Amino acid sequence: MLEALISILIFSISILALVGLQAAMNRNTVEAKYRAEASYLANQLVGQMWSDQPNLAKYAMTAAGCADAGYARCTAWRANLSALLPGGNAVVTVAGTSVNITVNWQLQDQPVRSYQLTATITS
């Protein structure tokens, strides 16, 4: 009888450990998905900037929005960012041909995560 109780205890502890492992895997998968989305969005913006070099300065933005709020390509990218990342925003600085993009997002009850990309846009 004692061996049966001990085996049930060991089995119960192992099931709880598997449930905890599954929860950790799900959390890490979600975080990896958002990191990949942030990387994709930053690279997408660099591609847009590269194809639109005469208007490079119009892509500068703060966390509040695009510097040139009327520039459709910037506002469309920003809307896509907000749709794909929870609490997503970006800071883009443009200095000549040098561009620094920082994409931020925040999951519920988690610290702010960020992805940073620096590129030089030349023809």
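Here, the structure is the one placed above.
Predicted, not measured: the structure shown is a model, and the values here were computed from it.

Basis of the calculations
- Residues numbered from 1 in each chain as written.
- Predicted model: local features only at pLDDT ≥ 70, side-chain atom pairs only at ≥ 80, totals over all residues.
- Heavy atoms only, no water.
- Helix = DSSP H or I, 4+ residues; strand = E, 2+ residues; numbered from the N terminus.
- Rg over C-alpha atoms; globule rule 2.2 N^0.38 Å.
- Buried < 20%, exposed > 50% of the residue type's maximum accessible area, 1.4 Å probe, protein only.
- Lys, Arg positive; Asp, Glu negative; His and termini not counted.
- Salt bridge = Lys/Arg side-chain N within 4 Å of Asp/Glu carboxyl O.
- Contact = heavy atoms within 4.5 Å.
- Core = buried A, V, L, I, M, F, W, Y, C linked by side-chain atoms within 4.5 Å.
- Expected span 1.5 Å × (residues − 1).
- Arc of directions from axis to C-beta.

Q: How should the overall build of the protein chain be read in this particular structure?
A: Within the protein chain one finds 2 helices and 5 strands. Listing each helix as α and each strand as β along the protein chain from the N terminus yields α-β-β-α-β-β-β. The globule rule puts the C-alpha radius of gyration for 123 residues at 14 Å, and the 22 Å found for the protein chain is more than 25% above it. In terms of its C-alpha atoms, the protein chain occupies a principal-axis envelope of roughly 80 × 25 × 20 Å.

Q: Teacher, can you tell me more about the side chain of E37 here?
A: Summarising the element assignment, E37 is placed in helix α1 (residues 2–51). The side chain of E37 sits in the buried core without any salt bridge; K33 is the nearest counter-charge, 4.1 Å away. If sequence neighbours within four positions are ignored, E37 has contacts with L84 and L85.

Q: Which parts of the structure should I look at to understand the environment of A90?
A: The topology assignment puts A90 in strand β3 (residues 89–95). Owing to a relative accessible area of 0%, A90 belongs among the buried residues under this scheme. Sequence separation between A90 and R113 is 23 residues; the distance between their C-alpha atoms is 11 Å. Not counting the four nearest positions on each side in its chain, A90 is found in contact with M61, T62, A63, W77, R78, L81, T102 and V103.

Q: Just to check I follow, could you spell out the nonpolar core for this structure?
A: A general trend in soluble globular proteins is that nonpolar side chains are found buried together. Residues L45, M49, M61, W77, L85, I101 and V103 are the most contacted members of the largest nonpolar core, which totals 26 residues. Where this core is concerned, the elements lending two or more residues are α1, α2 (72–84), β3, β4 (98–105) and β5 (113–120). Among the elements that take part in this core, α1 stands out by supplying 7 residues, more than any other. When neighbours within four sequence positions are excluded, M61 is seen to be in contact with L45, C66, A67, C74, W77, R78, A90, V91 and V92.

Q: I would appreciate a short explanation of α1 in the present structure.
A: The periodicity of an α-helix, 3.6 residues per turn, causes residues three or four places apart in sequence to face the same way. Taking 1.5 Å of rise per residue, 50 residues should cover 74 Å, and α1 covers 74 Å from first to last C-alpha, within 8% of that figure. Regarding α1, the residues found buried are E31, Y34, E37, A38, L41, A42, L45, V46, Q48 and M49. The inward-facing, buried residues of α1 abut β1 (61–62), α2, β3, β4 and β5.

Q: Would you explain α2 in this entry?
A: With 13 residues, α2 extends 18 Å between its outermost C-alpha atoms, agreeing within 8% with the 18 Å of an ideal straight helix rising 1.5 Å per residue. Listed as buried for α2 are C74, W77, R78 and L81. One side of α2 holds all its buried residues, which, seen down the axis, span an arc of 100°. Residues A72 and A83 are exposed on α2 and point more than 90 degrees away from its buried face.

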